[in-house]
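Residues per chain are reported as follows:
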Amino acid sequence: MSSSPERQTTMLAHEDIRQSFGGIYGGSLYGAKGAKGRVSDTVAAQLLTLYTLLLAQHRNLWSTHNQVMGSTYYGDHLLLERLYTSMTEEIDDLAERMVAWIGPGAVDNVPVVQGMARWLTAWAQEAEPFHRAMLGEQAIQEELQRTYDTIKAGGQMSLGMDDLLMGMANEHEKAVYLLQQRLGGRR
Ligand SMILES: [Fe+2]
């Protein structure tokens, strides 16, 4: 993928978004709700980052599925549908683990939607829909790795979470491949 000034700006925005999630959690949100979190605030913030990212990419792919037009419409429409529908189960699995690990407040609507809006706003700088989809996939690859490393470093990895993260990485590598083909085989 090229590193035009626009793309560079978007990737920098990703870093800002990522860092802002520590602020959302900070311990007080769950503390106020009396949640009995079994993971550190760092792990909780990282899980929220990943969760909102997956939901944002699901929305990104779905709206693009609705918006595509022109001579490649049919194939694009189906490709995007395949990509976003394949995400619902992984998002649900992650949400259920977050509730088990952190408490019900882990998936409260308002902080989740605020997080989604940050990702989607950053990606909106990219007008070309398949490059925009790729921005989301690149962020997912980065955040899956970071989530794995953060949980592992905190000694909080379970076999189930390990399997979930590995399965997501596998599925999203396939998504990157499919999007690369749509973009003409360029990386
Ligand atoms: Fe549809």
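Structure's up top.
Position numbers for residues count from 1 along each chain, tracking the sequence in the order it is written. In keeping with the predicted nature of the model, local features appear solely for residues at pLDDT of at least 70, side-chain atom pairs appear and are counted solely at 80 or more, and the whole-chain, interface and lining totals rest on all residues.

With that settled, consider the environment of Thr 121. Its location among the elements puts Thr 121 in helix 6 (residues 109–123). On the neighbour-count criterion, Thr 121 (12 C-beta atoms within 10 Å) is exposed. For the pair Thr 121 and Ala 56, spaced 65 residues apart in sequence, the C-alpha separation works out to 9.9 Å. Runs of E in the DSSP output that reach at least two residues are strands. Runs of H or I that reach at least four are helices, and both are numbered from the N terminus. Labels follow a simple rule on C-beta atoms placed from the backbone: if 20 or more others lie within 10 Å of a residue's own, it is buried; if 12 or fewer, it is exposed; otherwise it is partly exposed.

If you look at the biggest cluster of nonpolar residues, it comprises 39 residues, and the most contacted ones within it are Ala 44, Leu 47, Tyr 51, Leu 53, Leu 54 and Trp 119. Elements with a contribution of two residues or more to this core: helix 1 (5–25), helix 3 (41–67), helix 4 (73–85), helix 5 (88–101), helix 6, helix 7 (129–153) and helix 8 (159–182). Broken down by element, the residue count for this core peaks at 12 residues, all from helix 3. If near-sequence neighbours (up to four positions away) are discounted, Leu 54 is found in contact with Met 87, Glu 90, Ile 91, Leu 94 and Ile 140. Core membership is restricted to buried Ala, Val, Leu, Ile, Met, Phe, Trp, Tyr and Cys residues, and these are joined into a nonpolar core through C-beta atoms within 7 Å. Note on contacts: each residue gets a C-beta atom placed from the backbone, and two residues are in contact if those atoms are within 7 Å.

It is worth spelling out helix 8 at this point. Take the number of residues in a helix, subtract one, and multiply by 1.5 Å to get its expected span. Here helix 8 spans 35 Å end to end across 24 residues, near enough to the 34 Å set by a 1.5 Å rise per residue. Met 161, Leu 165, Met 168, His 172, Ala 175 and Leu 179 are the residues of helix 8 that are buried. On the buried face of helix 8, the contacting elements are helix 4, helix 5 and helix 7. Positive backbone phi, approximately 95 degrees, marks Gly 184, located one or two places after helix 8.

Contact geometry for helix 3 and helix 7: axes closest at 10 Å, N-to-C directions at 160 degrees. With respect to helix 7, the element helix 3 is oriented roughly antiparallel. The element helix 3 and its partner helix 7 pack so that their crossing is left-handed. In this classification, the charged set is Asp, Glu, Lys and Arg, the nonpolar set is Ala, Val, Leu, Ile, Met, Phe, Trp, Tyr, Cys and Pro, and all remaining amino acids, among them Gly, are polar. Grouping the constituent residues of the contact of helix 3 with helix 7 by class yields 12 nonpolar, 10 polar and 3 charged. An axis is simply a line fitted to the C-alpha atoms; with a helix, the fit covers only the stretch in contact. Between two such axes, the angle follows the N-to-C directions and lies from 0 to 180 degrees. Should an angle lie under 35 degrees it is considered roughly parallel, over 145 roughly antiparallel, and from 65 to 115 roughly perpendicular; all remaining angles are considered oblique. Here a crossing is called left-handed whenever its near helix is offset anticlockwise from the far helix by less than a right angle, and right-handed whenever the offset is clockwise.

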